[in-house]
Amino acid sequence: MEKYYDVIVIGGGHAGCEAAHASARMGAKTLLLTTSIHHLALMPCNPAIGGPGKGHVVREIDALGGLMAKATDLSTIHIRRVNTGKGPAVQTLRAQTQRDLYSLIMRKFLENTPHLYLFQGEATEILQDEKGEIKGVKVKNQTTFFAPALVLCTGTFLNGLIKIGELSYPAGRQGEFPSIDLACNLRNMGLQSGRLSTCSPPRLDRRTIDFSSLKEQKSDDKPLCFSFTGVPQVYEGASVFITRTSKKTCDIIKANLHRSPLLYSISDTSSVRECPSLEDKVYRFPERENHLLFLEPEGKKSNEIYVQGLFTSLPEEVQREIVHSITGLERAHIIRPGYGIEYDYILPTQLKSSLECREIPGLFLAGQINGTSGYEEAAGQGIIAGINAASYVKGQPPLILRRDESYIGVMIDDLVTKGVDEPYRLRTGKVEFRLVVRHSNADLRLSFYAYERGIISEKEYHRVEEKRDKIQKEIERLSRLTIYPTTQLQSLLTQKGTNPVKEAIKASALLSRPEISYRDLAPFDPERPFLEPQVIEEVEIEIKYRGYIERQKREIEEFKKMENKVIPPDFDFSSIQVISQEAREKLQKVRPATLGQAARVAGVTPSDIAALRILLEK
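K.L.:
Please give an account of helix α11 (residues 442-452) that cites residues and values.
P.N.:
Burial runs high along α11: 8 of the 11 residues are buried. Within the span of α11, buried status applies to Ala442, Asp443, Leu444, Arg445, Leu446, Ser447, Tyr449 and Ala450. The elements touched by buried residues of α11 are α2 (54-63), α12 (458-480) and α15 (533-544). In the segment just after α11, Gly454 is the residue with positive phi, at about 85 degrees.

This is the structure we're talking about:
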């Protein structure tokens, strides 16, 4: 058996799969070590990918050469564009997938990736040399694998403990063993850990649900796909259905709050605000009775229905009462009860922006081990950790995405700078420059990094540059094209509810009006070139939001001034007497790499930053 590798990835979830694939694509000999080959990229929670913030990350993973968007497109049964009532900055996609098929597709991708090897086994001990640098990993069956770089993607397995009412038992996920030895090993290595919790909802038998009383949500009737290289399709036959809790539901929960082991008011773990349990919602908002629930199919050939929004750790008999109190679910049969899970995580403030441990060279962490929640957040960290582990072995500088160029950059900066005290969930509201870092332009923003590192081919990168060129040329052409105030034009403007024009006008000026689309101007533009929908979308956005985009770009330039002020790695914050004691302690703990990052550390004030700036300039 081959025992020597460049990079070893521990954990085969969404983070581990992206990390292993990225590392191998860069030419590093990579081993993916997982407790179950059959559970690669498993969806233990919702059978869906995307949504606000999360969909942006999926597009960014795709732009960096990752797999999530491609696997989603090949397993999609229902897809919608979300936030369509808002601007393009927050619009994105959300797809329901065939849960089991997604995992099989991901496995096929990995098995056909050169330089990537799979091994089923449980990691129990991380090995270090006399200098404290990474040497390898020991597996439970006493096999030892050696590599100078490791990527830890352990999900909820570190000291995992499932809780359903008064029942509790060790597990990494339901039906899978937890990782006890590795959790102990990480603490012995000096890594500080905390404890988090999350919940999963019950799954129901489709045949026992009364859909006639529920609101149906079909796929969009326009062709859609996640990957920039995918083929957009219209999906039919698999709908999501919407229902709500009732007063009776809330009364049942209120009567059993004392039996919820993960209720934030009585649990040993941190509160969960971003994706709370239903009992948490009822406890915090007792006056509210109607909580929205979505019934999501687990697959085309499966009768299993996921109840999005009914996250709970209450006892099984209480879950049955809750389900039967909801419209359409009065006779629903529970296939799998919901459950809560507690697990260890590593405090992410111990990491560099590359996701490498500051005190343990060669050890990278990604996913829920860093305190995040969700497949997309895990995969986004995974691809960066995989790229940087391979770069570490090759002696190349790490890839560090900035806040102004990606959602992934915002997430990682938040984690390593601010830390977490509850599962971190990425939202559009956390992104300062979201009009510039849109869902639609992720390939234009990030593909160069993937090409530079060898993850995507020259042909793939040429397609992105060709798209960029088409967008720019079309914007310039529309800025030159004159449209005259004919009767036909005035009729169109009146029909669209916008003011008529009195004289000739440039096409770009007309397109800048909110009511006018690129398609509307086709009759007045006979020499228009054929352009792909992706190109047209970017042309419209760039013209309609030009003023806002330019303003945000100016803000980014100001932001970069702070980000470009580098703080030396050995800078001693504790010796600076002109800043507050709290700032000294927080900065010494986080050890920010730039003045901009220092400004985002909790407890550091603007006056602290002003003093620090003067010291750095001296």
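Next comes the rest of the write-up.
K.L.:
So what's going on with the pattern of salt bridges? Which residues, and what values?
P.N.:
The final tally for this structure, using the stated rule, is 47 salt bridges. For Arg445, the salt bridge is made with Glu60, and the minimal N-O distance between the two is 3.0 Å. Placement of the pair is Arg445 in helix α11 and Glu60 in helix α2, with a sequence separation of 385 residues. Three or more residues are tied together by salt bridges with common partners; here these are Arg403, Asp413, Asp414, Lys418, Glu432, Glu563 and Arg600.

K.L.:
Which residues make up the state of the cysteines, and what values do they have?
P.N.:
For the structure shown, the criterion picks out 0 disulfides. Residue Cys357 stays outside any disulfide, its sulfur separated by 12 Å from that of Cys153, the closest cysteine.

K.L.:
Just give me the short version of the sheet that holds strand β9 (residues 144-146), but keep the residues and values in it.
P.N.:
Adjacent strands of a sheet form backbone hydrogen bonds with each other and so pair up, either parallel or antiparallel. Taken in spatial order, the 3 strands line up as β7-β8-β9 in an open sheet, and their pairing is antiparallel. A single partner strand is all that each edge strand has here, and the edge strands are β7 (123-128) and β9. Strand-to-strand twist in this sheet, taken as the mean axis angle between neighbours without regard to direction, amounts to 25 degrees. Examined bridge by bridge, strand β8 (residues 134-139) and β9 share 3 bridges and lie antiparallel to one another. Note that in β9 the partner of Gly136 across the bridge is Phe146.

The rules behind the values
- Residues numbered from 1 in each chain as written.
- Predicted model: local features only at pLDDT ≥ 70, side-chain atom pairs only at ≥ 80, totals over all residues.
- Heavy atoms only, no water.
- Buried < 20%, exposed > 50% of the residue type's maximum accessible area, 1.4 Å probe, protein only.
- Helix = DSSP H or I, 4+ residues; strand = E, 2+ residues; numbered from the N terminus.
- Contact = heavy atoms within 4.5 Å.
- Salt bridge = Lys/Arg side-chain N within 4 Å of Asp/Glu carboxyl O.
- Disulfide = S-S within 2.5 Å.
- Pairing = 2+ DSSP bridges.
- Axes fitted to C-alpha atoms, helices over the stretch in contact; angles between N-to-C directions.

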